[in-house]
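# Structure at a glance
Here are the chains, one letter per residue:
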Amino acid sequence: MNDGSTRKIIILLLTGVIAVLAGSEFWELRHYEDSFVASKCLTDVTSLSAYEPSLRGTWADAPIYVFDSGVPGGTAFIMGGTHPNESAGILSAYILMENIEISKGRVIVLPIANLSASTAALNGFGYPAYYRVETDWGTRTYKIGSRATNPLDQWPDPPIFVHYPSGQALCYEDSRNLNRNYPGRSDGSLVERIGRAIMVLLDSEQVDFAFDIHEASITYPVNDTYVVPDVAADIAFLSSMSLEARGIDIRVELSADSLKGYSHREWETVGEVLPFLIEVPTPFIERVVGPMTEYLVRYGKDEFLVKMATAGYAAVPYDKDGYSLEYRCGLQLSAALEAVNIGSMLIPEASIEVFWPGFEELEATGIGHYLHNPRIPENRGRVRHVGPATR
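None of the values given here were measured: they were computed from a predicted structure.

Reading the values: rules and limits
Position numbers for residues count from 1 along each chain, tracking the sequence in the order it is written. Only residues with pLDDT of at least 70 are given local features in this predicted model, and only at 80 or more are side-chain atom pairs given and counted; all residues enter the totals for whole chains, interfaces and linings. For the side-chain quantities, the full set of heavy atoms in the structure was used; hydrogens and water were omitted. Here, patches come from residues exposed beyond 30% relative accessible area and free of salt bridges, joined within 9 Å for like charges and within 5 Å for nonpolar side chains (Val, Leu, Ile, Met, Phe, Trp, Tyr). Areas reported as accessible are Shrake-Rupley estimates using a 1.4 Å probe. Residue values count occlusion only from the protein chains shown. Definition used for salt bridges: Asp or Glu carboxyl oxygen within 4 Å of a side-chain nitrogen of Lys or Arg. The helix and strand labels rest on DSSP assignments: H or I over at least four residues marks a helix, E over at least two residues marks a strand, and numbering proceeds from the N terminus. Exposed residues in this analysis have more than 50% of their type's maximum accessible area, buried residues have under 20%, and partly exposed residues fall in between, with area computed by a 1.4 Å probe over protein chains only. Here, strands pair whenever DSSP counts at least two bridges between them. Axes here refer to lines fitted to C-alpha atoms; in helices the fit is confined to the stretch in contact. Angles between the N-to-C directions go from 0 to 180 degrees. Each Phe, Tyr or Trp ring (for Trp, its six-membered ring) is paired with any other whose centre lies within 6.5 Å, and the angle between the two planes then decides the class: stacked below 30 degrees, edge-to-face above 60, tilted in between. Charge over a ring is defined by NZ of Lys or CZ of Arg lying within 6 Å of the ring centre and within 35 degrees of the ring normal. Comment: arc refers to directions from the helix axis out to C-beta atoms. Nitrogen and oxygen atoms within 3.5 Å of one another constitute a polar contact, given that in protein one can donate a hydrogen and the other can accept it, and given that sequence-neighbouring residues count only through two side-chain atoms. Take the buried residues of types Ala, Val, Leu, Ile, Met, Phe, Trp, Tyr and Cys, join any two whose side-chain atoms come within 4.5 Å, and each joined set is a nonpolar core. Relative orientations are named as follows: roughly parallel for angles under 35 degrees, roughly antiparallel for angles over 145 degrees, roughly perpendicular for angles from 65 to 115 degrees, and oblique for any other angle. For any pair of crossing helices, the crossing counts as left-handed if the nearer helix is rotated counterclockwise from the farther one by less than a right angle, and right-handed if it is rotated clockwise. Contact definition: two residues touch when any of their heavy atoms are within 4.5 Å.

## Regarding a nonpolar patch on the surface
Side chains of F237, L238, M241, L254 and L346 sit close together on the surface and give an oily, nonpolar patch of about 450 Å² of accessible area. Broken down by element, the residue count for the nonpolar patch peaks at three residues, all from helix α4 (residues 233-245). Positionally, L346 belongs in helix α8 (residues 325-346). For L346, a relative accessible area of 46% translates into the label partly exposed.

This is the structure we're talking about:
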């Protein structure tokens, strides 16, 4: 064998090793499952395919957790992970499910609405694949997904995405964005079928209060905000005032009729549902930050954003303290709980008596305090893994 052939073999072997190493990271992200220790109030586990059978066996068949007091009352629906690169909404769902106490009504939680999107990275931005939260007993690791459905599950994107059923033309990438694909349809794309499943869930479970939990960049004008249609405006404004009295700042934005495919517009067409989309600020999805690191996810601090905010280009206040996960999750959890409490007072037949930790609790003791040790005997039987329901 001559030197040229030897070099070619070596190059091929090195190429194979690199491909295997790179592929293993993609495989791990695709298959990694978050976990949580469920509250003793957990009464049932189901999945999106129970509401849209065509999702069974797909990477989009996300698990759903039900906390039923056994006492008649209202039903609240809490949903994170519409965009799985917005980590706080998913983590808020886990914190809620580990610590919920309920004595009247039901709470249904879908922690990662677009589970397929959680199995992919967001190309071109150098996101870390995971972030970690420290606790007294160890470290809890969570993955970071993409904004849109994994192209392995839905491809190709059309040149122009046409929303069903309005016919409104949108950006091609929105064909894989769950929050442009309501009300969905059973014979549509994968993400349309996710939207359809959620609409059926809201209807069949007779949901009263429904929350879609998000994060937004600090330059985005709709931030620290309840986004609601007119039907939910009274509860949102009263909740905003009540939270403001406690030093928790969240505003109200009335959603425009022209918006098509969004949860806060389409959900109100189902039964008596009152929809709330909650936006809180995060530097992690900003486009003008420094390195996209795990530290940025966890603590929300970035020197470039401080300079930009000082120059007047931020939609919300931002300084060197940043926006930690404690702040973001706390705001989301308090906003949802306050709306449930106010709604229960205004609509007695939909009353829910429930508690989960919020802004004050997380700011005082940290997130780690509310993440329970899965290894101690009393918790082992309550560990739940969040992955495709049939796998």
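## A closer look at the sheet that holds strand β3 (residues 63-68)
Note on sheets: strands pair through backbone hydrogen bonds, and any given pair is parallel or antiparallel. Spatial strand order, β2-β3-β6-β4-β11-β14-β12-β13: eight strands in an open sheet with mixed pairing. Edge positions in the sheet fall to β2 (42-47) and β13 (251-254), since each has one partner strand and no second. Neighbouring strand axes in the sheet, compared pairwise and without regard to direction, differ in orientation by 20° on average. Direction of pairing for strand β11 (residues 209-216) relative to strand β14 (residues 274-281): parallel, over a ladder of eight bridges. Residue pairing across strands places I213 opposite I278, the latter belonging to β14.

## Notes on the packing of aromatic side chains
Aromatic ring pairs: the centre-centre distance and the angle between the two ring planes describe each pair. Considering all chains together, one arrives at 14 aromatic pairs under this definition. Aromatic pair Y295 and Y299: ring centres 5.0 Å apart, planes at 45°, arrangement tilted. Highlighted residues: Y295 and Y299, both in helix α6 (residues 294-299), separated by four residues, approximately one helical turn. Judged by centre distance (5.8 Å) and plane angle (50°), the ring pair of Y318 and Y323 falls under tilted. In this structure, Y318 and Y323 share a single accessibility class: buried. An aromatic cluster is defined as three or more aromatic residues linked by ring pairs; in this entry it consists of F36, Y65, Y94, Y131 and Y142. The ring of W59 carries R30 above its face, with NZ or CZ at 4.0 Å from the centroid.

## Thoughts on unusual backbone geometry
In the segment running from W155 into P156, the intervening peptide bond is cis, with an omega of 0°. Mapped onto the secondary structure, P156 falls in the loop between β8 (139-143) and β9 (161-162). Omega for the peptide link from Y182 to P183 comes to 10°, which places this bond in the cis form. By the secondary structure assignment, P183 is in the loop between β10 (169-170) and α3 (190-204).

## Considering helix α7 (residues 303-310)
Taken as a whole, α7 has its buried residues at L305, M308 and A309. Down the axis of α7, the buried side of the element spans an arc of 95°, and every buried residue falls inside it. Across from the buried face of α7, at angles greater than 90 degrees, the exposed residues are E303, K307 and T310. Capping of α7 at its N-terminal end is provided by D302; its side-chain oxygen lies 3.0 Å from the backbone amide nitrogen of F304.

## Comments concerning the pattern of salt bridges
If you walk through the whole model with that rule in mind, you get 15 salt bridges. D153 serves as the salt-bridge partner of R30, at 2.8 Å between the closest nitrogen and oxygen. On the criterion of sequence distance, the pair formed by R30 in helix α1 (residues 3-31) and D153 in the loop between β8 and β9 is long-range, its members being 123 residues apart. Note that R265 and E268 form a salt bridge whose closest N and O atoms lie 3.0 Å from each other. Its relative accessible area of 11% is what places R265 among the buried residues. A single network of salt bridges, built from pairs that share partners, joins R246, E338 and E360.

## With respect to the nonpolar core
Membership of the largest hydrophobic core comes to 104 residues, with the highest contact counts inside it found for F77, I198 and Y226. If you tally residues by element for this core, the top one is α8, at eleven residues.

## Quick notes on the environment of G70
Tracing the backbone shows G70 in the loop between β3 and β4 (75-79). Look at G70 and you get exposed, because its relative accessible area is 64%.

## Considerations on the pairing of strand β7 (residues 130-134)
Direction of pairing for β7 relative to β8: antiparallel, over a ladder of five bridges. Its bridge partner lying in β8, R132 is registered against T141. Remark: four residues form the turn of the hairpin made by β7 and β8, two consecutive strands paired antiparallel; G138 in that turn has positive phi of roughly 150°.

## Some thoughts on the packing of helix α2 (residues 87-99) against α8
Interhelical geometry of α2 versus α8 gives an angle of 65° and a closest axis separation of 9 Å. As far as their axial angle goes, α8 and α2 are roughly perpendicular. Handedness of the α2/α8 crossing: right-handed. Residues A88, G89, L91, S92, I95 and L96 of α2 form the contact with α8, whose own contacting residues are L325, R328, C329, Q332 and L333.

None of this, on its own, says anything about what the molecule does.
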